Amino acid sequence: MSSGLGNAAVRDVETLVHPYTNLDSFRTTGPMIIERGEGIYVWDAEGRRYIEGLSGLWCTALGYSEAELIEAAHAQMREIPFTHMFGGKSHERAAELAEKIKALSPHPTSKVLFCGSGSEANDQQMKLVWYYNNARGRPQKKKFISRQRGYHGVTVASGSLTGLPANHRDFDLPIAGVLHTDCPHYYRYAEPGESEEEFSTRLAANLENMILQEGPDTVAAFIAEPVMGAGGVVIPPEGYFEKVQAVLSRYDIYFIVDEVICGFGRTGNMFGSQTFGLRPDSISVAKALSSAYAPIAAVTIGEDMYQAMLDESRKIGVFGHGFTYTAHPVAAAVAAKTLEIYEKRNIVGHVRELAPKFEARVARLSQHALVGHARAKGLIGAIELVADKGSKRMFDVKAGVANTVVASAQEDGLIVRALAGDIVAFCPPLIIQDEQIDAMFDAVERALDKTEAHVRKEGLRG
Ligand SMILES: Cc1ncc(COP(=O)(O)O)c(C=O)c1O
């Protein structure tokens, strides 16, 4: 039983299963209830204000009080709160949003298929690739390659694509036919003396060997985030995607770019694909698509894929896929308004203007005794904490050093997130202003100092 908790906390503990939470310790700690938000700030139930330094879950790009989005939802609710898309039914917001996505897409896009979440988007990607290769008479070409530490969601398919042990263990994942190649984290996985370019060459060669070993006729697709998010904010090393894409095109492998975090301005271009020179066959988008004000996601479909889908309909009839909430009108209206705001307020320009400041404040953290590596691109970044900078030796996982930094920052009015590997991630709303970046990183520096004192006091360096 949960003792020592207030009423609201007890109700929470006794009624909810919380995602990504230690269900056992949660019974003692209870929830942090967020009550309201404004701009980049949120307030908890005790009235304490925090900078939301991770935009919720890398998603509330326009902050917490965007009146135009609230009004778009209200207006759509009043007009028609729900209509589905099955059997050719439709509504105007769906096509309006699809047109906007097509116009922005970093690859020639013929059609857009909506769904409710990033996981569903990547699930759809897998089904579409299987469907496509059946339509094209290549029933053997079905395997997916993703990357260790990649994050693509938690459904059976997308959770298999995800390359993090915590998402597989005891869930009986990954499913057959999903392979994981190397994580392109140069700081952590480069061999002694290896340059970034050499590291990228080695990883591309490993990918090619995996494809050859499996048989190129059995490998259908490769999926990657431009910047890995939940796996540790891993920024691709020099030459990496260029070399990987050369391998993919040699073996006719469909390239899915998971833009769920990077999409819509985060890295200083509309898409991470543009920032890092990726040539996707399809992208998955979610999160900032609606600034997280409503759950909606999508995959883009090229003409060749669409023609194959048409062929299937001619052969077998109905396209047997879709959700009750595919292109939900309220979510679609909010997303269309979100994209309109990105354009009219030049959010990408704003990110580019602030990125040098953000990147410099992250880089400065590398001077701290606890920080082995600091990295950032646009308005996303992270620090990696180590027990010893020279050898990059990590702290004992049980010491929870990144969690201590996060807890200290939270006491000081900043929400950031700890990721596996003692990494602390930063991803504020894109509307953040110059002096708010200073406030955010001043709090991070104070949290690092407090954590360093704790590490010394407890002798955590071993
Ligand atoms: C890159 C990426 N892809 C997919 C997902 C899954 O999205 P969702 O949590 O909406 O299912 C996430 C979520 O964090 C993500 O970061």
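Everything here concerns the structure above.
We now turn to the structure provided with this report. (Residues numbered from 1 in each chain as written. Predicted model: local features only at pLDDT ≥ 70, side-chain atom pairs only at ≥ 80, totals over all residues. Heavy atoms only, no water.)

What about the overall build of the protein chain?
Tallying secondary structure elements over the protein chain gives 17 helices and 15 strands in all. In terms of overall dimensions, the protein chain is globule-like: its C-alpha atoms have a radius of gyration of 22 Å, near the 23 Å expected for 462 residues. With respect to the three principal axes, the spread of C-alpha positions in the protein chain is 70 × 60 × 50 Å. Taken across its 462 residues, the protein chain has 53% of its residues classed as buried. A fraction of 69% describes how many contacts in the protein chain between residues 6 or more apart in sequence connect residues 24 or more apart. Approximately 20,200 Å² of the protein chain is accessible, and the part contributed by carbon and sulfur atoms is 53%. Each charge class in the protein chain can be summarised by its mean position, and for the 48 positive and 57 negative side chains these summaries are 1 Å apart. (Helix = DSSP H or I, 4+ residues; strand = E, 2+ residues; numbered from the N terminus. Rg over C-alpha atoms; globule rule 2.2 N^0.38 Å. Buried < 20%, exposed > 50% of the residue type's maximum accessible area, 1.4 Å probe, protein only. Contact = heavy atoms within 4.5 Å. Areas by Shrake-Rupley, 256 points an atom, 1.4 Å probe, with all protein chains shown as cover. Lys, Arg positive; Asp, Glu negative; His and termini not counted. Charge placed at Lys NZ, Arg CZ, Asp CG, Glu CD.)

Some points on the nonpolar core
Counting residues in hydrophobic clusters, the biggest one holds 103 residues, and the most contacted among them are L97, F222, I383, L385 and F426. In terms of residue count, helix α14 (residues 329-344) provides more of this core than any other element does, 9 residues in total. When near neighbours in sequence (up to four residues on either side) are disregarded, L385 contacts L370, V371, G372, V401, A402, V405, G421, D422, V424 and L448. A220, I223, V260 and I301 belong to the second largest nonpolar core, which has 25 residues in total. (Core = buried A, V, L, I, M, F, W, Y, C linked by side-chain atoms within 4.5 Å.)

Here we look at the layout of surface pockets
In this structure, the second largest pocket occupies an estimated 740 Å³ of space. Around the second largest pocket sit 26 residues that line it, and M85, V112, L113, F319 and H321 are the ones nearest its centre. Looking at the lining of the second largest pocket, the elements that each hand over two or more residues are α5 (92-104), β4 (111-115) and α13 (303-316). For the lining of the second largest pocket, a count of residues per class yields 16 nonpolar, 8 polar and 2 charged. (1 Å grid on protein atoms, 1.4 Å probe; cavity = no way out; pocket = protein on both sides within 12 Å on 5 of 7 lines; lining within 4 Å. Points joined across faces, edges and corners; volume = space filled by probe spheres on them. Nonpolar A, V, L, I, M, F, W, Y, C, P; charged D, E, K, R; others polar.)

Comments concerning unusual backbone geometry
With omega at 0°, the peptide bond leading from L173 into P174 counts as cis. Along the polypeptide, P174 turns up in the loop between α8 (165-168) and β6 (178-181). Located in the positive-phi region is D172, a residue other than glycine, with phi close to 60°. In this structure, D172 sits in the loop between α8 and β6.

Observations regarding the pattern of salt bridges
If you walk through the whole model with that rule in mind, you get 33 salt bridges. The shortest N-O distance in the salt bridge between R136 and D304 comes to 3.4 Å. Of the two residues, R136 is situated in the loop between α6 (118-135) and β5 (143-147) and D304 in helix α13; the sequence distance between them amounts to 168 residues. Of the charged contacts, one joins E340 and K344 as a salt bridge, the two residues approaching to 3.4 Å between their closest N and O atoms. Here the residue E340 and the residue K344 both occupy positions in helix α14, the gap between them amounting to 4 residues, near one helical turn. Each member of the salt-bridge network shares a partner with another, and the members are K357, R361, R364, D434, D438, D442 and E445. (Salt bridge = Lys/Arg side-chain N within 4 Å of Asp/Glu carboxyl O.)

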